[in-house]
Amino acid sequence: MKVRLENLTKKFEEVTAVNDATLEFLEGKLTGLLGPSGCGKSTTLYLIAGLFKATSGKIFFDDEDVTRKEPEKRGIGLVFQNYALYPHMTAEQNIMFPLQNLKVPKKEARKRALDMAKLVHISELLNRKPGQMSGGQQQRVAIARALVKEPRILLLDEPLSNLDARLRLEMREEIKRIQRETGVTTIFVTHDQEEAMSISDQIAIMNEGLLQQVASPQEMYRNPVNEFVAKFLGNPPINIIETEIKGGKVDAGGFLMNTGTLPDQPVHVGVRPESFRLDANGSVKAVVQAMEYTGRETLLFAYLGEKLCKVIINADIIFKKGDSVSLSLKEKSMLLFDLEGNRLYV
Amino acid sequence: MKNVYKIITYILLAAGAVIMLFPFFWMITGSLKTYNQITATPIVWWPVPAQWNNYTTALEYAPFDIYFINTVIVSVGTTVSVLITSIFAAFAFSRLKFRGRDTIFSILLSTLMIPSQILIITNYVTVAVRMQLMDTLLALIIPFTASIFYIYLLREFFNQIPEQLYLAAKVDGTSDWRYLWKIMVPNAKNALITIGLFNFIASWNAYIWPLLLTNSESKRVLSIGLKYFSGEAGTDYELLMAAGTIVIAPLLVIYLFFRRYIVEGVARSGIKG
Amino acid sequence: MFEPRWKTTLKALLYLSPALIVIAVFVIYPMFRSVWISFFKDYNIFKHTGSGFGLDNYKWVLNDGRFILALKNTTIYTIVVVPVSVVIALFTAVLLNSKMKGMKLFETLYFLPYITNLIAIGLAFKFIFNSTYGILNRILGLFGIDTIMWLNDPKYSLPALIIFGIWSGLAFKIVVFLAGIQGINKQYYQAAKIDNTSRWRTFTKITMPMLSPMIFYIGIISFIGALKTYVEVVGLYGNNPGPADTAMTIVYYVYDLFYGANEPPRAAAASVILFLIILVFTFIQLRASKKRVQY
Ligand SMILES: Nc1ncnc2c1ncn2[C@@H]1O[C@H](COP(=O)(O)OP(=O)(O)OP(=O)(O)O)[C@@H](O)[C@H]1O
Ligand SMILES: [Mg+2]
């Protein structure tokens, strides 16, 4: 089932947590809802869940308008950031609880709970209470509880943020697997761009209540619609060089680009660190300031003119501070933004 | 030096404990002495043989068994009612969103400052005259079937249960009623036990209200029965101590079994009006 | 679901109604009603008719010698009992906080009096205070002190009440202070230890300041509690407030007017005066605590 938001707005007293959002979450796919803290991700999720009532706008599940429907009638499963497991119930009782609300006969409820437990790999933990489980195990129980009533949509609100780094990677894969196996339309909230990129079929990125862009991870990374999106995705982050368009050309630290018919104006040019190439014939010389080795590659801090840029190079090559390197750029790797941050297309 | 501190600490604590406990010791041993042992010089510290018949004699003078049953009925009655009304009200105040919630709550809280003496005068009229409940056990229960203070306490406990549990339950189609009984109440079990104990003890020890609202012997509670008995028995201290022990013994038992809840409850909330 | 709506308001009212009805009838209504009654010179509580609306009852109470006496007794009682019991309780709590064996047992023993029935344990005190065969006089006699008529000599009746009052209030305060001390972050004490701070300095420079909000809070509670002392008097003296009314407290006076003298309007006036006194002290203490409480 697909989910569509139409001009969805949610205002609290002073803040507009979600501002006129229109987008579609794809059927059977995992959409990552990404943005910095406080940008309205949880609010969007709660609106879809029905826990918040929209100030204006509409929510559609397929073609049905559910904007005014009570949460329990929407057929959703929701996993909270800190799991919200009932502390006095065992894992099994937690998973069975939604079914008992639906008056599913006990025997069937137990069977479905067991099936779910198997799916999320916690069959041997069913008699434990949340306090006796690790974060990752609680996480699995929470997912099982959300899925057991076979929801039409699965909503996950920063489900991995309470886990340590390794477990986070592991659970990321788990969630992807479970999503694929069940084929349930899933919305996954996170403020971690790497997490969103790796897990999502499609990413929706938000800032200050406003939806910025909806696209596949690759598309969004390569073709951000504005400077915010460009800066938010990627680690190390994109280099931004302040310069200007003059007479149909822009000069970013020595790299030149034809700007066609764009009028003269100050611009920000974004260049991703991996877009540089060491090139003996390179047109631009940069002065090495510092280096960071990560093993797989080397991050070079180098001055392009006045601007200190991050450049990713092959790990085998070693430079010293003060060395001069020649650089060239890959095709179409300069992104232009006006001073409001909007993308300028050539 | 360290050991000197230790020894002094022990001595001081032991001396303090003797003072704190002596009245209990003196009451219980006194209840097992003969009149002669009570007045004897030198002091008789430990009664041998124990005079258990002091208790039967006291019972012959005054029906402490009836007082006892009445007290149990009233204490259990108020405690059960207070728990139920507090659970409902605390739930509404902590989870349900409704108009005027905070205003109503702060008005209720501010009434806690009012001394009960002001209320008793009118409540006497309400219960004895309007409700015509003079000299009934019901009169001793009804005004105490809800307590602002316990609502306040329970609300604090309820508020500690994460709001997300409530949202999770909503998404799963849990009704408020079911959520209250299946999630909130089991999670606030300790708080409820504590509140129940405090209310029970307070009710057990209540004095002025039962004094005003009961006349006949068959409707008296222990505190009142004891007060009248102490007037009659005069200086028969062995009987007075026996009667006093009857009143206090259940409290001691409760303390032994539920010490943890009582102490934690006091520590957390500084209960005492 | 998050915003209040009429439907949710109605539902909430349903949950609230059992408590609210009881509270409205037995707390809110009598609060106003009693104040109202206090202004009538004559008031028939059975017929709800009154005459002579005015401040007469207040004038009468404030000019009544017994009320002045009750006020005086209550003031003395409060001024002695509150500081003494707070200091003893604080001291005991510090001792109980020692890292030594047997502290749990001591805690259990010290907390026991908290739950007691004051009428019953009052009888034990009566027995202890008895002038001829009470153990107190016998022990004092060993030190050559003459028989003291604790409960019958007007000079000693208030002190006897004060002793009883201090004893009965200690357990509660010890529990709270001990919990407070144990709630102080251990690192302060470890730091103090490393700096070789003496026990006394640790107490005055760490425990006391950290505990000061709690000491003030307990101070206020016990202050107000002491102003409302009543059952202690009944427990110790039974049918009279001590010889020549020397152990009469304000609350005893109120009930005596209401129940003994059958003067509900005057009793109401006296209880309103009590309320005002409590109110004034609550505000004074709250203000003082805002200024003085550390950290
Ligand atoms: N119940 C509420 N009442 C008032 N304001 C709220 C409420 N819930 C959220 N807000 C505000 O709405 C904005 C968006 O909040 P939201 O919780 O959706 O952010 P978020 O993107 O989920 O952030 P985080 O990553 O920190 O969870 C914030 O400014 C927040 O303060
Ligand atoms: Mg959030």
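About the criteria used
- Residues numbered from 1 in each chain as written.
- Chains lettered and ligands numbered in written order.
- Predicted model: local features only at pLDDT ≥ 70, side-chain atom pairs only at ≥ 80, totals over all residues.
- Heavy atoms only, no water.
- Helix = DSSP H or I, 4+ residues; strand = E, 2+ residues; numbered from the N terminus.
- Buried < 20%, exposed > 50% of the residue type's maximum accessible area, 1.4 Å probe, protein only.
- Contact = heavy atoms within 4.5 Å.
- Areas by Shrake-Rupley, 256 points an atom, 1.4 Å probe, with all protein chains shown as cover.
- Near = heavy atom within 4 Å.
- Polar contact = N/O pair within 3.5 Å; in protein donor to acceptor, adjacent residues only side chain to side chain.
- Nonpolar A, V, L, I, M, F, W, Y, C, P; charged D, E, K, R; others polar.
- Salt bridge = Lys/Arg side-chain N within 4 Å of Asp/Glu carboxyl O.
- Patch = residues over 30% accessible without salt bridge, like charges linked within 9 Å, V, L, I, M, F, W, Y side chains within 5 Å.
- Pairing = 2+ DSSP bridges.
- Axes fitted to C-alpha atoms, helices over the stretch in contact; angles between N-to-C directions.
- Lys, Arg positive; Asp, Glu negative; His and termini not counted.
- Charge placed at Lys NZ, Arg CZ, Asp CG, Glu CD.
- 1 Å grid on protein atoms, 1.4 Å probe; cavity = no way out; pocket = protein on both sides within 12 Å on 5 of 7 lines; lining within 4 Å.
- Points joined across faces, edges and corners; volume = space filled by probe spheres on them.
- Parallel < 35°, antiparallel > 145°, perpendicular 65-115°, else oblique.
- Buried area = accessible area lost by both parts, 1.4 Å probe.

(A) View of the overall build of chain A. Scanning chain A from terminus to terminus reveals eight helices and 21 strands. If one aligns the C-alpha atoms of chain A with their principal axes, the spans along those axes are about 75 × 45 × 35 Å. Expressed as a percentage of its 346 residues, the buried residues of chain A come to 54%. A separation of at least 24 residues holds for 65% of the contacts in chain A among residues at least 6 apart in sequence. As presented, chain A carries roughly 15,900 Å² of accessible surface, and 48% of it is formed by carbon and sulfur atoms.

(B) Structural detail: the site of ligand 1. Residues and elements named next belong to chain A. The environment of ligand 1 is made up of Phe-12, Val-15, Ala-17, Ser-37, Gly-38, Cys-39, Gly-40, Lys-41, Ser-42, Thr-43 and Glu-158. Interatomic distance of 2.5 Å between a side-chain N/O atom of Ser-37 and an oxygen atom of ligand 1. Between Lys-41 and ligand 1, the recorded distance is 2.9 Å, taken from a backbone N or O atom to an oxygen atom. For ligand 1, whose unbound accessible area comes to 630 Å², protein coverage reaches 64%. Top contributing element to the shell around ligand 1 by residue count: helix 1 (residues 41-49), with three residues. Tallied by class, residues from the shell around ligand 1 come to four nonpolar, five polar and two charged.

(C) A look at the pattern of salt bridges. A full pass over the atoms with the stated rule returns 24 salt bridges over all chains. Note that A:Arg177 and A:Glu181 form a salt bridge whose closest N and O atoms lie 3.0 Å from each other. Pair noted here: A:Arg177 and A:Glu181 are both in helix 5 (residues 165-182), with a separation of four residues, about one helical turn. We classify A:Arg177 as buried; its relative accessible area is 19%. In this structure, B:Lys170 engages B:Asp176 in a salt bridge whose closest nitrogen and oxygen atoms are separated by 3.3 Å. Across the pair, exposure class does not vary: B:Lys170 and B:Asp176 are buried alike. A cluster of three or more residues bridged by salt bridges with shared partners is formed by A:Arg140, A:Glu170, A:Glu174, A:Arg177 and A:Glu181.

(D) Seen up close, a nonpolar patch on the surface. Taken together, the side chains of C:Ile76, C:Ile79, C:Val80, C:Val84 and C:Ile88 make up a nonpolar region of the molecular surface, amounting to roughly 360 Å² of accessible area. The class for C:Val80 is partly exposed, based on a relative accessible area of 30%.

(E) Geometry of the sheet that holds strand 16 (residues 284-293) of chain A. All names here are of chain A. Ordered by their spatial adjacency, five strands build an open sheet running 15-19-16-17-18, and the pairing between neighbours is antiparallel. Edge positions in the sheet fall to strand 15 (276-278) and strand 18 (307-314), since each of these pairs with one other strand and no more. On average, each strand axis in the sheet is inclined to that of its neighbour by 50 degrees, with strand direction left out of account. Direction of pairing for strand 15 relative to strand 19 (residues 324-329): antiparallel, over a ladder of three bridges. What sits directly across from Phe-276, in strand 19, is Leu-329.

(F) Expanded view of a positive patch on the surface. Taken together, the side chains of B:Lys2, B:Lys6, C:Lys99, C:Lys101, C:Lys186, C:Lys193 and C:Arg199 define a basic patch exposed on the protein surface. Elements supplying a minimum of two residues to the positive patch: helix 1 (2-30) of chain B together with helix 8 (186-194) of chain C. Given a relative accessible area of 47%, C:Arg199 falls into the partly exposed group.

(G) Molecular detail of the layout of surface pockets. Residues and elements named next belong to chain C. What the second largest pocket holds in volume is close to 1,500 Å³. Taken together, 38 residues make up the lining of the second largest pocket; nearest its centre are Val-94, Tyr-189, Arg-199, Thr-202 and Phe-203. Considering every element that reaches the lining of the second largest pocket, the biggest residue donor is helix 9 (residues 199-227), with 10 residues. Taken together, the residues of the lining of the second largest pocket sort by class into 21 nonpolar, 11 polar and six charged.

(H) The packing of helix 3 (residues 65-96) of chain C against helix 11 (residues 250-260) of chain C, seen in detail. Residue and element names in this part refer to chain C. The interhelical angle for the contact between helix 3 and helix 11, taken along N-to-C directions, is 150 degrees, at an axis separation of 8 Å. The orientation of helix 3 with respect to helix 11, classified from their angle, is roughly antiparallel. On helix 11, the residues that touch Arg-66, Phe-67, Ala-70, Leu-71 and Thr-74 of helix 3 are Ile-250, Tyr-253 and Asp-256. Of the residues assigned to the contact of helix 3 with helix 11, the class counts are five nonpolar, one polar and two charged.

(I) Looking closely at the interface of chain B and chain C. Contact with chain B, which involves 100 residues of that partner, is made by 97 residues of chain C. With both sides pooled, the region where chain B packs onto chain C buries about 9,000 Å², and carbon together with sulfur makes up 76% of that total. Counting the contacts that link chain B with chain C gives one salt bridge. C:Lys11 is the salt-bridge partner of B:Asp176, the closest N and O atoms lying 2.6 Å from each other. Here chain B and chain C share 21 residue pairs in polar contact (both at pLDDT 80 or more) between them. In terms of residue count, the dominant contributor to the side of chain B that touches chain C is helix 1 of chain B (17 residues). Looking at side-chain class alone, the side of chain B that touches chain C contains 71 nonpolar, 19 polar and 10 charged residues.

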